[in-house]
Amino acid sequence: MSAIELMTPRMLLDMRRSCQLAADCLTAVGDMIEPGITTDAIDRFVNDYIVSRDAYPSPLDYKGFPKSVCTSVNDCVCHGIPGPYILKDGDIVNVDVTTYLPTEHGYHGDTSVTFYVGQPGDEAIYVVETARRCLELGIAEVKHGKRIGDIGAAIQEYAEGRGCSVVRDYVGHGVGREFHMPPQIPHFGKRGKDKRMKAGMVFTIEPMINAGGYQTELMDDGWTVLTLDRSLSAQFEHTVLVTRDGADVLTARPQVIRHSEDKPWAEVGPLSSPAAWSAKQEKAG
Ligand code: MF3
Ligand code: CO
Ligand code: CO
């Protein structure tokens with residue numbers, strides 16, 4: 001017996017709408033990212049965007065979370081709480097948007113992007129582009145009949161091959177009628193392990209990739225998660241549907257997302273570590 005829900009085509013009509021709303025909201029957030037804005041301004045924008053489209057921001061009051069979106073800056077791994085912090089040149093900020101569209105059956109859509117604030121440093125580029133690629137590689141493993149462990153294995157191999165690490169304490173999750181439901185989707189692991197994916201399963205893939213060690217530390221506010229060694233951390237998240245042909249990315253964005261995908265930095269080569277990459281950049285002058 002498995003508690004993993006399979007979505008029917010009818011359920012997917014509403015699920016797709018929620019996921020597209022979350023994706024469009026994130027695209028709009030890309031237009032406001034610049035040095036000088038506060039993370040509270042992002043929260044207000046996301047709340048207005050979602051509420052004005054007759055939906056609800058899932059994080060708000062979720063297990064007591066006080067805001068409508070998570071904003072995780074620099075060494076914050078995830079679940080950063082928006083506040084008075086002013087984004088500065090060189091910061092990276094992950095904005096994690098989750099929408100609840102209250103249709104006949106309401107569905108949650110969950111997606112996040114790490115943005116560059118102004119001009120990023122080498123290490124920021126390295127860890128962000130590694131995380132971006134990790135999500136792509138994880139999605140490429142999704143297909144009816146393959147194993148959930150195949151996703152984590154592909155992500156871990158790539159991240160560790162680049163001298164980065166994969167967070168263990170927080171994982172992807174089933175999403176739909178509830179914000180978090182089975183199955184869990186670790187971003188590390190072994191090929192051929194764990195349950196088989198089935199057409200109709202919907203879950204998130206959301207690798208958190210650290211420039212240093214994988215360990216995390218929970219702050220006293222009960223939410224903010226930092227890297228234990230205070231190294232940089234980056235994350236990207238999509239909600240995906242398993243099909244017989246592969247993944248259907250429900251939170252895919254039609255537009256290029258500003259202050260993240262509009263940079264040429266995705267070309268960063270397969271080097272072993274942020275330090276090695278910095279050294280090569282210096283030589284290249
Ligand atoms: N959106 C996060 C995720 O990807 C969860 C945030 S929970 C919150 O699973 F309460 F912090 F919003
Ligand atoms: Co999620
Ligand atoms: Co999320």
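From a predicted model like this one, the values you see are computed outputs, not experimental measurements.

Section: helix H4 (residues 148-161)
In a regular helix each residue adds 1.5 Å, so 14 residues correspond to 20 Å; H4 covers 21 Å between its end C-alpha atoms and thus fits that length. Of all 14 residues that make up H4, ten are buried, and the element is covered over most of its length. Along H4, the residues classified as buried are Ile 148, Gly 149, Asp 150, Ile 151, Gly 152, Ala 153, Ala 154, Ile 155, Gln 156 and Ala 159. Looking at the buried residues of H4, the elements they touch are helix H3 (122-140), strand S6 (165-166), strand S8 (181-185), strand S9 (202-205) and strand S10 (208-210).

As for the side chain of His 238
In this structure, His 238 sits in strand S14 (residues 238-243). Residue classification places His 238 among the buried positions, given a relative accessible area of 11%. A polar atom in the side chain of His 238 sits 2.7 Å from the side chain of Thr 251. Residue contacts for His 238: discarding those within four places in its chain leaves Asp 110, Thr 111, Leu 135, Ile 139, Phe 203, Thr 204, Ile 205, Val 249, Thr 251, Ala 252 and Arg 253.

Notes on the pattern of salt bridges
Per the counting criterion, the structure on display carries 14 salt bridges. Note that Glu 141 and Arg 191 form a salt bridge whose closest N and O atoms lie 3.5 Å from each other. Of this pair, Glu 141 sits in the loop between H3 and H4 while Arg 191 sits in the loop between S8 and S9, placing them 50 residues apart in sequence. With a relative accessible area of 13%, Glu 141 lands in the buried category. In this structure Arg 191 comes out as partly exposed when scored by relative accessible area, which is 41%. Among the ionic pairs, Glu 217 bridges to Arg 230, the shortest N-O distance being 3.0 Å. In this pair, Glu 217 sits in strand S11 (residues 216-218) while Arg 230 sits in the loop between strand S12 (225-227) and strand S13 (233-235), placing the two residues 13 residues apart along the sequence.

Some words on the packing of aromatic side chains
Each aromatic ring pair is described using two quantities: the centre-to-centre distance and the angle formed by the ring planes. Tallying each qualifying case throughout the model produces three aromatic pairs. Measuring from centroid to centroid gives 6.0 Å for Phe 45 and Tyr 49, while their planes differ by 40 degrees, and the two rings are tilted. Within this pair, Phe 45 and its partner Tyr 49 are both found in helix H2 (residues 39-51), separated by four residues, close to a single helical turn. For Tyr 49, a relative accessible area of 13% corresponds to the buried category. Ring centres of Phe 65 and Trp 223 lie 5.0 Å apart, and the angle between their planes is 90 degrees; this geometry places the pair in the edge-to-face category. Taken together, the residues span a long stretch of sequence, with Phe 65 in the loop between strand S1 (56-57) and strand S2 (70-73) and Trp 223 in the loop between S11 and S12 at a distance of 158 residues. Considered together, Phe 65 and Trp 223 belong to a single accessibility category, that of buried residues. When the ring centre of Phe 188 is taken as origin, the NZ or CZ atom of Arg 168, which lies over that ring, is 5.1 Å away. Over the ring of Tyr 214 we find Arg 168; its NZ or CZ atom is 4.2 Å from the centre of that ring.

Quick look at the sheet that holds S10
With respect to topology, three strands assemble into an open sheet ordered S6-S10-S13, the strand pairing being antiparallel. The sheet terminates laterally at S6 and S13, the two strands that pair on one side only. In the sheet, S10 pairs with S13 via three bridges, with the strands oriented antiparallel. Directly across from Asn 210, in S13, lies its bridge partner Ser 233. Its contacts with the sheet put H3 on S10 and S13, and the angle it makes with S10 is roughly 145 degrees.

Basis of the calculations
Residues numbered from 1 in each chain as written. Chains lettered and ligands numbered in written order. Predicted model: local features only at pLDDT ≥ 70, side-chain atom pairs only at ≥ 80, totals over all residues. Heavy atoms only, no water. Helix = DSSP H or I, 4+ residues; strand = E, 2+ residues; numbered from the N terminus. Expected span 1.5 Å × (residues − 1). Buried < 20%, exposed > 50% of the residue type's maximum accessible area, 1.4 Å probe, protein only. Contact = heavy atoms within 4.5 Å. Polar contact = N/O pair within 3.5 Å; in protein donor to acceptor, adjacent residues only side chain to side chain. Salt bridge = Lys/Arg side-chain N within 4 Å of Asp/Glu carboxyl O. Phe/Tyr/Trp six-rings, centres within 6.5 Å; stacked < 30°, edge-to-face > 60°. Lys NZ or Arg CZ within 6 Å of the ring centre and 35° of its normal. Pairing = 2+ DSSP bridges. Axes fitted to C-alpha atoms, helices over the stretch in contact; angles between N-to-C directions.

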